[in-house]
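# Descriptive structure summary
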Amino acid sequence: MTYPEYILTLSCLDHRGIVLRVSGFLAEHGCNIIDSAQFGDPESKLFFMRVHFALEDDAVSDELLRAGFGSLCGDLGASGQLHDAGRKPRVMIMVSKIGHCLNDLLFRYKSGLLPVEIPAIVSNHMDFYQLAASYNIPFHHLPLEAGASESAKLAQEARIIDLLDTHRIDLVVLARYMQILSPGLCEALKGRAINIHHSFLPSFKGARPYAQAHKRGVKLIGATAHFVTGDLDEGPIIEQDVERVDHAMRPEELTAIGRDVESVVLARAVKWFVEHRILLNGDKTVVFS
């Protein structure tokens, strides 16, 4: 017999008895824990928990389980969420003119390696409309001219927000979307928008960062995936990785290596998000493996 599965996440001030209260609640509601992870941060004094469980009591409805969990969070003073593990989160991908991350995410999605629904791809350029069509995903071209006025940017973002609402988007992925989001949109997407960039920042800003890095003789190439905030490229970090390089490599080779790292790092971050493994801890994240 197949039972419905859920993923519970919560965070609260650390104190004795939290694990006992949560596990006791689940046992009382006919639930069987499949896996569990927790972390107490001695710096922030916060406790974080993720539990994957199955509801094995037919007499306990989804509504009853959620109501009970809400009461438990209230008693613990916790911020908590209860996710249906069988539901695929809805992801909107945004891209400009560099498509390696988009291509990688679409392949993983189509192959079943990334358990998501992708109802929309948004771009300020037309470069990847055929790629989107090959996956039968609607492509939305929302152009924004170089040097566009603030009103034009806000009008374009209003269309983005409309797509978010229309498609009930859970996560926005900036797969090399080369536009700065307004503070208002960053706030609206807090905790549910992920960006990817090379890890040379802040050393090599602007155009052709890999060529700049080559001139300085870098020995490591990396990528960072993080939550989007109003502080450009400084949001809470989710995942990072590096590859070693050497003096014999041309800038084009460094770029190719960097793009591979970016694709893998972004895919990991997205997968961990849709599996509800990432919890915000101030300016940092807790990522349960």
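Residues numbered from 1 in each chain as written. Predicted model: local features only at pLDDT ≥ 70, side-chain atom pairs only at ≥ 80, totals over all residues. Heavy atoms only, no water.

### Some points on the packing of aromatic side chains
Counting across every chain of the model gives three aromatic pairs. Centroid distance F25 to F69: 6.4 Å. Interplanar angle 45°. Geometry classified as tilted. A residue pair is termed long-range when its members are at least 10 positions apart, and F25 in helix α1 (residues 18–28) and F69 in helix α2 (residues 62–76) qualify at 44 residues. Assessed through its relative accessible area of 6%, F25 is described here as buried. A residue is classified by how much of its surface remains accessible, and F69, at 5% relative accessible area, is buried. Ring centres 6.3 Å apart and planes at 70° place the aromatic pair F227 and F273 in the edge-to-face group. Of this pair, F227 sits in strand β10 (residues 220–227) while F273 is found in helix α8 (residues 251–274), placing the two residues 46 residues apart along the sequence. F273 carries the same exposure label as F227, and that label is buried. (Phe/Tyr/Trp six-rings, centres within 6.5 Å; stacked < 30°, edge-to-face > 60°. Helix = DSSP H or I, 4+ residues; strand = E, 2+ residues; numbered from the N terminus. Buried < 20%, exposed > 50% of the residue type's maximum accessible area, 1.4 Å probe, protein only.)

### Section: the side chain of R176
By the secondary structure assignment, R176 is in the loop between β8 (171–174) and α6 (183–188). What makes R176 buried here is its relative accessible area of 12%. Polar contacts involving the side chain of R176 include one to the side chain of E262, which spans 2.9 Å. With residues up to four places along the chain from it excluded, the contact list for R176 reads M94, V95, S96, I98, H100, C101, I196 and E262. (Polar contact = N/O pair within 3.5 Å; in protein donor to acceptor, adjacent residues only side chain to side chain. Contact = heavy atoms within 4.5 Å.)

### Considerations on the nonpolar core
In summary, soluble globular proteins display a tendency toward joint burial of nonpolar side chains. The biggest cluster of nonpolar side chains holds 34 residues, and the ones touching the most others in it are L105, I121, I194 and L266. Looking at this core, the elements that each hand over two or more residues are β5 (90–95), α3 (100–110), β6 (117–123), β8, β9 (193–198), β10 and α8. Broken down by element, the residue count for this core peaks at eight residues, all from α8. (Core = buried A, V, L, I, M, F, W, Y, C linked by side-chain atoms within 4.5 Å.)

### Observations regarding α3
Inspection of α3 places H100, C101, L102, D104, L105 and L106 among the buried residues, and these make up the whole buried set. Trailing α3 by a residue or two, G112 shows a phi angle of about 80°, which is positive.

### Points about the environment of G230
Note that G230 resides in the loop between β10 and β11 (237–244). A relative accessible area of 61% places G230 in the exposed class. Residues G230 and P183 lie 47 residues apart in sequence; the distance between their C-alpha atoms is 5.1 Å.

### Things to note about the pattern of salt bridges
In the structure shown here, the tally under the stated rule is 14 salt bridges. Here R268 ties to D241 by a salt bridge, and the two come within 3.1 Å at their closest N and O atoms. You can see R268 sitting in helix α8 and its partner D241 sitting in strand β11, a full 27 residues away along the chain. Assessed through its relative accessible area of 28%, D241 is described here as partly exposed. Each of the salt bridges in this network shares a partner with another, and the network as a whole consists of E239, D241 and R268. (Salt bridge = Lys/Arg side-chain N within 4 Å of Asp/Glu carboxyl O.)

### Some thoughts on the sheet that holds strand β2 (residues 31–41)
The four strands lie next to each other as β2-β3-β1-β4, forming an open sheet whose pairing is antiparallel. The open sheet terminates on both sides in strands that have one partner only, identified here as β2 and β4 (79–84). The sheet shows a mean angle of 10° between the axes of neighbouring strands, direction not considered. Of the pairings in the sheet, the one linking strand β1 (residues 5–13) to β4 comprises six bridges and is antiparallel in character. Bridged to Y6 within β4 is D84. Where α1 meets the sheet, it contacts β1, β2 and β3 (46–55), and its direction lies at approximately 15° from that of β3. Where α2 meets the sheet, its contacts fall on β1, β2, β3 and β4, and the angle it forms with β4 comes to roughly 160°. (Pairing = 2+ DSSP bridges. Axes fitted to C-alpha atoms, helices over the stretch in contact; angles between N-to-C directions.)

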